[in-house]
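The chain contents come next:
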Amino acid sequence: MYQTTLPVVGAEFRDREEQLARIVRAVEKLRAGAPEWLALLGSRKVGKTSLLLEASRQLGDHVVFAILDVFDHVPVTAEVIRLLVLRVVERVFARECGQSLEATIDPDSYRAVLAGSARFARLPGDLRQLLLGLRELDLAAPTLAALLQVPERLSEALDLAIVVAIDEFQELVDLRVGRPAREVLPMLRSAWQKHRRVAYVVSGSARRLMTDQVASDRSPFFGHFALLEIDAFAEADAIALLVEGAVPDHAVSRQLAARAVATIGGNPFYLQLLGEQLAGLAPPLDEGALKEALSRLVFHRTGRLAMFFEAELARVVGRSAQALAVLEQLARAPRRPADLQSALRLSSSSAVNYLARLGDVIRRRDDGRYELTDPVMALWLKWRAPGGAAVPMTVVGDDDERDVARALADLGFELVYQSKASRGAFDLLAIRAGVMVGVQVKRSALPLHFTAAAWKRMEAEARRLGWLWIVAAASPDGVVTFLDPARGRLRKGVGLSASAAIVNLLAWVDDASTPRRRR
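Just so it is clear, the structure is predicted and the values come from calculations on it, not from any experiment.

Caption draft 1: Spotlight on the layout of surface pockets. Taken as a whole, the largest pocket holds about 1,100 Å³ of empty space. As for the largest pocket, its lining consists of 39 residues, of which S43, S205, D360, V361 and T373 are closest to the centre. Put simply, the parts of the chain that give the lining of the largest pocket at least two residues each are α10 (207-215), α15 (304-317), α18 (348-357), β8 (362-364) and α19 (375-384). Residues that form the lining of the largest pocket fall into these classes: 18 nonpolar, nine polar and 12 charged.

If you want it as structure tokens, here you go:
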């Protein structure tokens with residue numbers, strides 16, 4: 001089954017054998033008294049959290065795994081340290097207590113639950129007092145310093161091996177506490193480097209910032225972490241995800257899965273989303289179904305990947321129209337800073353500053369050009385730009401569909417694929433100012449001929465859905481002619497000749513959609 005709302009672990013976990021083995025080796029070293037720190041680098045939604053949770057599942061009682069995602073607690077304040085310690089306390093004591101300590105919000109109830117643990121009673125008195133007051137502590141710098149010692153003290157008192165994992169670690173870079181303000185990262189390093197029974201794993205999607213934190217000689221963590229790359233799935237594993245995750249009666253063939261992976265790559269989150277879209281279409285799932293699923297997922301305002309990219313865009317560019325313009329330029333084609341200067345009339349310093357601002361959304365190629373890191377987001381950006389309605393058809397469309405889509409996009413229509421798997425009569429849905437127009441695409445010179453059954457099917461579907469409908473003829477040399485079905489001639493079926501051509505499609509749509517003029 002496809003899974004998009006929770007991390008994937010257990011039987012559904014796939015690939016990542018090498019990275020999983022690396023984490024297991026780090027835990028083995030920890031239990032042998034030689035703790036090792038790991039830094040996981042990978043884009044958002046590539047599976048870092050799933051990897052950590054699967055490692056925790058497989059290691060079982062051999063180690064206590066406490067994982068905190070900083071993105072779940074924004075804006076980031078010193079409170080995140082309290083929550084990290086609470087997560088460790090949860091993992092150490094909740095099973096014995098029989099209920100969640102994190103979910104026990106009331107401080108008195110929290111203390112009562114924790115105090116009932118026999119394991120808790122074995123702790124030194126000062127540590128018990130610290131943990132009993134955890135929810136109410138004033139998070140000044142001295143208190144934070146004491147809290148950072150909690151994992152090591154628990155491991156010593158209870159003879160435990162503990163792994164503390166912080167996801168989106170780069171969000172702590174600017175965290176300051178106290179007066180005068182003290183940076184939190186040096187405080188973490190100062191505490192962690194003395195610990196011998198706790199291993200630390202950090203991960204993040206801001207690759208450059210994360211790399212600076214663990215590999216730059218200016219960072220307090222320089223030389224402390226071993227780097228572990230988490231990339232998209234290899235082709236074979238990506239195909240297997242789509243094929244093996246299919247729901248009953250919605251089988252995805254290996255051929256279709258390979259086509260999907262060639263289109264959107266091996267990001268497991270993207271593939272899971274695509275699988276869910278395919279599962280929502282009527283079987284059998286064919287090339288048309290893939291087109292429709294991709295269109296709904298990426299090239300639709302409410303598509304889940306489209307909304308994900310929209311949130312990423314807002315995070316990266318904010319309200320800066322110029323930063324957005326730079327990103328749109330890079331989505332169209334890789335460019336050098338000088339190219340951006342010329343295209344957007346920027347100064348050289350402004351071009352460099354905007355490239356720096358875009359962070360890990362972009363990357364610098366070996367030839368000096370910059371491009372978007374995520375090619376699927378690049379496609380989405382091209383689609384949402386003016387005149388970008390034809391972009392989906394350039395990805396998965398046939399030649400005739402691409403020609404028709406470009407012609408419609410030039411007229412300002414939004415376009416959505418219609419799938420034969422959904423038993424639709426039309427190839428495309430064209431939308432303009434809320435008016436829906438079903439489009440039947442034919443790669444043929446005029447005149448066209450339709451069987452009576454095919455014609456009645458289009459008439460019936462348009463009537464049922466309340467759409468207008470047209471036929472688009474794409475000639476072999478790429479010329480597109482839009483034809484009015486009302487001018488069809490009945491001749492052992494229905495024929496459309498050049499006399500049915502719509503000279504001004506926008507005027508035709510306006511006239512046909514106006515109630516008083518509608519036939």
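Caption draft 2: Here's a closer look at the environment of A507. Within the secondary structure layout, A507 lies in helix α23 (residues 505-513). The class of A507 is partly exposed, set by a relative accessible area of 30%. Sequence spacing of A507 and L278 is 229 residues, and the spatial spacing of their C-alpha atoms is 36 Å.

Caption draft 3: Spotlight on the pairing of strand β1 (residues 37-41). Taking burial as the measure, the five residues of β1 include five buried ones, the bulk of the element. Side chains W37, A39 and L41 of β1 all project onto a buried face; the interleaved residues L38 and L40 project onto the opposite face, where all are buried too. For β1 and strand β7 (residues 225-229), the ladder comprises five bridges, and the chain directions are parallel. Bridged to L41 within β7 is E229. Relative to strand β6 (residues 198-204), β1 runs parallel, the two sharing four bridges.

Caption draft 4: Up close: the sheet that holds β7. Overall, parallel pairing links the five strands, which are arranged β2-β3-β6-β1-β7 in an open sheet. The strands lining the two open edges of the sheet, one partner per strand, are β2 (64-69) and β7. Neighbour to neighbour, the strand axes of the sheet diverge by 20° on average, direction disregarded. Against the sheet, helix α2 (residues 48-59) makes contact with β1, β2, β3 (162-167) and β6, and its axis sits at roughly 165° relative to β2, the strand it touches most.

Caption draft 5: Broad picture of the packing of aromatic side chains. Applying the stated criterion across every chain yields a total of 20 aromatic pairs. Ring geometry for W192 against F221: centres 5.8 Å apart, planes inclined by 40°, an arrangement best described as tilted. Of this pair, W192 sits in helix α9 (residues 184-192) while F221 sits in the loop between α10 and β7, placing them 29 residues apart in sequence. As far as burial versus exposure is concerned, W192 and F221 are alike and both buried. An aromatic cluster is defined as three or more aromatic residues linked by ring pairs; in this entry it consists of W37, F169, W192, Y200, F221 and F225.

Caption draft 6: Layout of the pattern of salt bridges. Per the stated rule, a full pass over the model turns up 23 salt bridges. The closest approach of N and O atoms between E276 and R304, which form a salt bridge, is 3.2 Å. One end of the pair, E276, is in helix α13 (residues 268-279); the other, R304, is in helix α15, and 28 residues separate them in sequence. What makes R304 partly exposed here is its relative accessible area of 34%. In this structure, E328 engages R384 in a salt bridge whose closest nitrogen and oxygen atoms are separated by 4.0 Å. Taken together, the positions of E328 in helix α16 (residues 321-332) and R384 in helix α19 put the pair 56 residues apart, joining distant regions of the chain. Take E328: its relative accessible area is 16%, and that puts it in the buried class.

Caption draft 7: Expanded view of the nonpolar core. Judged by nonpolar contacts, the single largest core of 59 residues is most densely connected at F93, L131, L154, F169, L188 and W192. Element by element, the count of residues in this core is highest for helix α3 (residues 79-97), at 10 residues. Contacts of F169, omitting those with residues within four sequence positions, involve L185, L188, W192, V202, S203, G204, M210 and F221. L256, A323, A378 and L379 belong to the second-largest nonpolar core, a separate cluster that totals 58 residues.

Caption draft 8: Quick look at the packing of helix α12 (residues 254-264) against helix α14 (residues 287-298). Between α12 and α14, whose axes approach to 10 Å, the crossing angle comes to 35°. The handedness of the crossing between α12 and α14 is right-handed. For the pair formed by α12 and α14, the contact residues are L256, R259, A260, T263 and I264 on the first element and E287, L290 and L294 on the second. Its residues assigned to classes, the contact of α12 with α14 shows five nonpolar, one polar and two charged.

Caption draft 9: Representation of helix α4 (residues 107-115). Those residues of α4 that sit buried are Y110, V113 and L114. Angular distribution of buried residues about the axis of α4 spans 95°; they occupy a single face of the element. Contacts made by the buried residues of α4 are with α3, α5 (118-121) and α6 (125-132).

Caption draft 10: Looking closely at unusual backbone geometry. Residue P283 is joined to P284 through a cis peptide bond whose omega torsion reads 0°. Note that P284 resides in the loop between α13 and α14. Residue P447 follows L446 across a cis peptide bond; omega there is 0°. A positive phi angle, near 70°, is found at D249, a position not held by glycine. Here R345, not a glycine, exhibits a phi torsion of approximately 55°, which is positive.

Definitions and cut-offs
Residues numbered from 1 in each chain as written. Predicted model: local features only at pLDDT ≥ 70, side-chain atom pairs only at ≥ 80, totals over all residues. Heavy atoms only, no water. 1 Å grid on protein atoms, 1.4 Å probe; cavity = no way out; pocket = protein on both sides within 12 Å on 5 of 7 lines; lining within 4 Å. Points joined across faces, edges and corners; volume = space filled by probe spheres on them. Helix = DSSP H or I, 4+ residues; strand = E, 2+ residues; numbered from the N terminus. Nonpolar A, V, L, I, M, F, W, Y, C, P; charged D, E, K, R; others polar. Buried < 20%, exposed > 50% of the residue type's maximum accessible area, 1.4 Å probe, protein only. Pairing = 2+ DSSP bridges. Axes fitted to C-alpha atoms, helices over the stretch in contact; angles between N-to-C directions. Contact = heavy atoms within 4.5 Å. Phe/Tyr/Trp six-rings, centres within 6.5 Å; stacked < 30°, edge-to-face > 60°. Salt bridge = Lys/Arg side-chain N within 4 Å of Asp/Glu carboxyl O. Core = buried A, V, L, I, M, F, W, Y, C linked by side-chain atoms within 4.5 Å. Left-handed = near helix turned anticlockwise from the far one by under 90°. Arc of directions from axis to C-beta.

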